[in-house]
Amino acid sequence: MNEKKDELQLMEMMDGARGEFSQLSQDMENQRRIASSPDLPMELRLEAFEDITDSEVGDTTMWRARNIEREMGLRQIFLKFEGGNPTGTQKDRIAFAQVRDAMRRGFDTIMLATCGNYGVAMALAASLAGVRCDIYIPETYHTQRVAE
C-alpha cells in the first residue's frame, strides 16, 4: 500500500471525491514535453497529447452490480466508476477532447466559466498540453472548491 501511495498524487476534492493522478512515467513525461512545446510541429504535439489522454483518461473500472440486478429483476447491470480518472470525475473525458480540439485549431488559450469539476479537469488537460487556461468563477460563488 505504501508503494501505491508513493506512485500516486492524490487530489483532495471538496465533495468527497478523490482523484488519483499517477505520476507520469518517464515516457509520458516525454510525451508531455512534446505536447506542450509550441516550437514543435502540431501533428507531433497532437500525437503526444493523444498518447497522454489514452494512457490517463477513460480506462476506468466497471463493476457488475449484482445486488441491483437482483433487486430490480434485471440482468447484467454494470457500473462505470469515473472517479478513476485523473481529477476524479467524468469531466476529464470532455476536457481532454476539448483541449485536443483547441490545439488542432491552433488556439493557445482556453477560457471558461465554471464552478466545479469541469474547471479542474480543463486546467489539468491544458497544463499537460501547454495551453493557457483562464477559469472564471462568479464572485458570488463561495466555496472551498475555488482553491482547486
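Further up the page is the structure itself.
Residues numbered from 1 in each chain as written. Predicted model: local features only at pLDDT ≥ 70, side-chain atom pairs only at ≥ 80, totals over all residues. Heavy atoms only, no water.

**Comments concerning the nonpolar core**
Ranked by size, the top nonpolar core spans 22 residues in total, and within it F49, F96, V99, M103, I110 and V131 carry the most contacts. Every element with two or more residues in this core is listed here: α2 (26-35), α3 (42-56), α5 (91-104), β5 (109-113) and α6 (117-129). Ranked by residues supplied to this core, first place goes to α6 with seven residues. What V99 contacts, discounting residues up to four positions off in sequence, is F49, I110, M122, A125, A126, A129 and V131. (Core = buried A, V, L, I, M, F, W, Y, C linked by side-chain atoms within 4.5 Å. Buried < 20%, exposed > 50% of the residue type's maximum accessible area, 1.4 Å probe, protein only. Helix = DSSP H or I, 4+ residues; strand = E, 2+ residues; numbered from the N terminus. Contact = heavy atoms within 4.5 Å.)

**Here we look at unusual backbone geometry**
Even without glycine at this site, Q76 takes up a positive phi of about 50°. With respect to the helices and strands, Q76 occurs in the loop between α4 (66-72) and β4 (78-80).

**Quick look at the packing of aromatic side chains**
Evaluated as defined, the whole model comprises two aromatic pairs. Taken together, a centroid distance of 5.6 Å and an interplanar angle of 15° make the contact between F49 and F96 stacked. A residue pair is termed long-range when its members are at least 10 positions apart, and F49 in helix α3 and F96 in helix α5 qualify at 47 residues. Relative accessible area serves as the criterion here: at 0%, F96 is assigned to the buried category. (Phe/Tyr/Trp six-rings, centres within 6.5 Å; stacked < 30°, edge-to-face > 60°.)

**Re the side chain of T53**
Considering the arrangement of structural elements, one finds T53 in helix α3. Among the residues examined, T53 registers a relative accessible area of 10% and is labelled buried. When neighbours within four sequence positions are excluded, T53 is seen to be in contact with F96 and R100.

**Here we look at α5**
With 14 residues, α5 extends 20 Å from end C-alpha to end C-alpha; this agrees with the ideal 20 Å at 1.5 Å per step. Along α5, the positions that sit buried rather than exposed are D92, A95, F96, V99, A102 and M103. Projected down its long axis, α5 carries its buried residues within an arc of 120°, all on one side. In this fold, the buried residues of α5 make contact with α2, α3, β5 and α6. (Expected span 1.5 Å × (residues − 1). Arc of directions from axis to C-beta.)

**Topic: the environment of R75**
Here R75 shows up in the loop between α4 and β4. Separated by 10 residues in the primary sequence, R75 and A65 have C-alpha atoms spaced 9.3 Å apart.

**Observations regarding the environment of E82**
Positionally, E82 belongs in the loop between β4 and α5. Residues E82 and G58, spaced 24 residues apart in sequence, show a C-alpha to C-alpha distance of 7.5 Å. At 2.7 Å, the side chain of E82 forms a polar contact with the side chain of R93. (Polar contact = N/O pair within 3.5 Å; in protein donor to acceptor, adjacent residues only side chain to side chain.)

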